[in-house]
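Overview (structure and organization)
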Amino acid sequence: MEIEIRARINDLPLLQKQLNSLSGIRIKKQADREVDTYIRHSKDNEGLLIFRIRRKEDGAMFTLKTKSAATKDIAWKDIDLPLEDPDRLEDILMNSGYEYVVLIDKVRDSFQYDEYEINIDNIRDLGHFIEIEAQGAGINIDEKILEMKKIFNRLGIADKDIIEKGYVQLMKEKR
């Protein structure tokens, strides 16, 4: 299970300063470009299952995401598989009843803070966001969201500014 919440960044230098003040935070990756193509089956009108083909400089990954029982777009069960030929898989899916949903092109800085991954994302056509992610089996979703919101609060992000929607939904709304 993967749980994510995010917030739009209004003052990137201030946020970076706040982030660096967290005790025990460490850098995982910097300026890591990810180009994600999201695809769904044309008959899945509820968006319960989505495929992602992620292309990065060091390779590609195929992800199957299924929506959890949560009512918001923040918790997904996902399976990641390495992918040798992303273009070929995309072509197969697009010719088998699947359709393009959205493309998310981002440059990501990733940090580890306790059990959480914190990402600073610069997303083409959306702007800068901070995202906190928790992963694991048997996670209490509501409990994790409260803990992640406390981290946001320590970073100066108010509850009202927290977005409980995924990048896919935000990009679809922008269109």
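Look a little higher up for the structure.
Rules and cut-offs
- Residues numbered from 1 in each chain as written.
- Predicted model: local features only at pLDDT ≥ 70, side-chain atom pairs only at ≥ 80, totals over all residues.
- Heavy atoms only, no water.
- Helix = DSSP H or I, 4+ residues; strand = E, 2+ residues; numbered from the N terminus.
- Buried < 20%, exposed > 50% of the residue type's maximum accessible area, 1.4 Å probe, protein only.
- Pairing = 2+ DSSP bridges.
- Core = buried A, V, L, I, M, F, W, Y, C linked by side-chain atoms within 4.5 Å.
- Contact = heavy atoms within 4.5 Å.
- Salt bridge = Lys/Arg side-chain N within 4 Å of Asp/Glu carboxyl O.

Trans is the common state for peptide bonds, and a negative phi is the common state for residues other than glycine. Here Asp-114, not a glycine, exhibits a phi torsion of approximately 55°, which is positive. The residue Asp-114 is located in the loop between strand E6 (98-113) and strand E7 (116-123) in this model. Taking the relative accessible area as the measure of exposure, Asp-114 reaches 58% and is therefore exposed.

Turning next to the pairing of E6. When strand E2 (residues 26-41) meets E6, the two strands line up antiparallel, connected through 13 bridges. Within the sheet, the bridge partner assigned to Tyr-38 lies in E6 and is Val-102. Relative to E7, E6 runs antiparallel, the two being bridged by 8 bridges. Among the inter-strand pairings, Lys-106 is bridged to a residue of E7, identified as Ile-123. Hairpin connection of E6 to E7: 2 residues between the antiparallel strands, including Asp-114 at a positive phi of 55°.

This part covers the nonpolar core. Grouped together as the largest cluster of nonpolar side chains are 25 residues, with contacts concentrated most on Ile-118 and Ile-130. Counting only elements with at least two residues in this core, the list comes to strand E1 (2-8), helix H1 (12-20), E6, E7, strand E8 (127-135) and helix H3 (141-154). In this structure Ile-118 touches Leu-19, Leu-22, Ile-25, Asp-109, Ser-110, Phe-111, Tyr-113, Ile-130, Glu-131, Ile-132 and Ile-151, once residues within four positions along its chain are discounted. Ranked by size, the runner-up nonpolar core spans 14 residues in total, among them Val-101, Ile-123, Ile-163 and Met-171.

So, about the pattern of salt bridges. Side chains that differ in charge, positive against negative, can pair when their charged atoms come close. Taken as a whole and judged by the stated rule, the model has 24 salt bridges. A salt bridge links Arg-108 to Glu-34, with the nearest nitrogen and oxygen atoms 3.7 Å apart. With Arg-108 in strand E6 and Glu-34 in strand E2, this residue pair connects regions lying 74 residues apart in the sequence. The residues Arg-108 and Glu-34 share a single accessibility class, namely buried. Here Lys-144 makes a salt bridge to Glu-115, at a shortest N to O gap of 2.1 Å. A residue pair is termed long-range when its members are at least 10 positions apart, and Lys-144 in helix H3 and Glu-115 in the loop between E6 and E7 qualify at 29 residues. What makes Lys-144 buried here is its relative accessible area of 11%.

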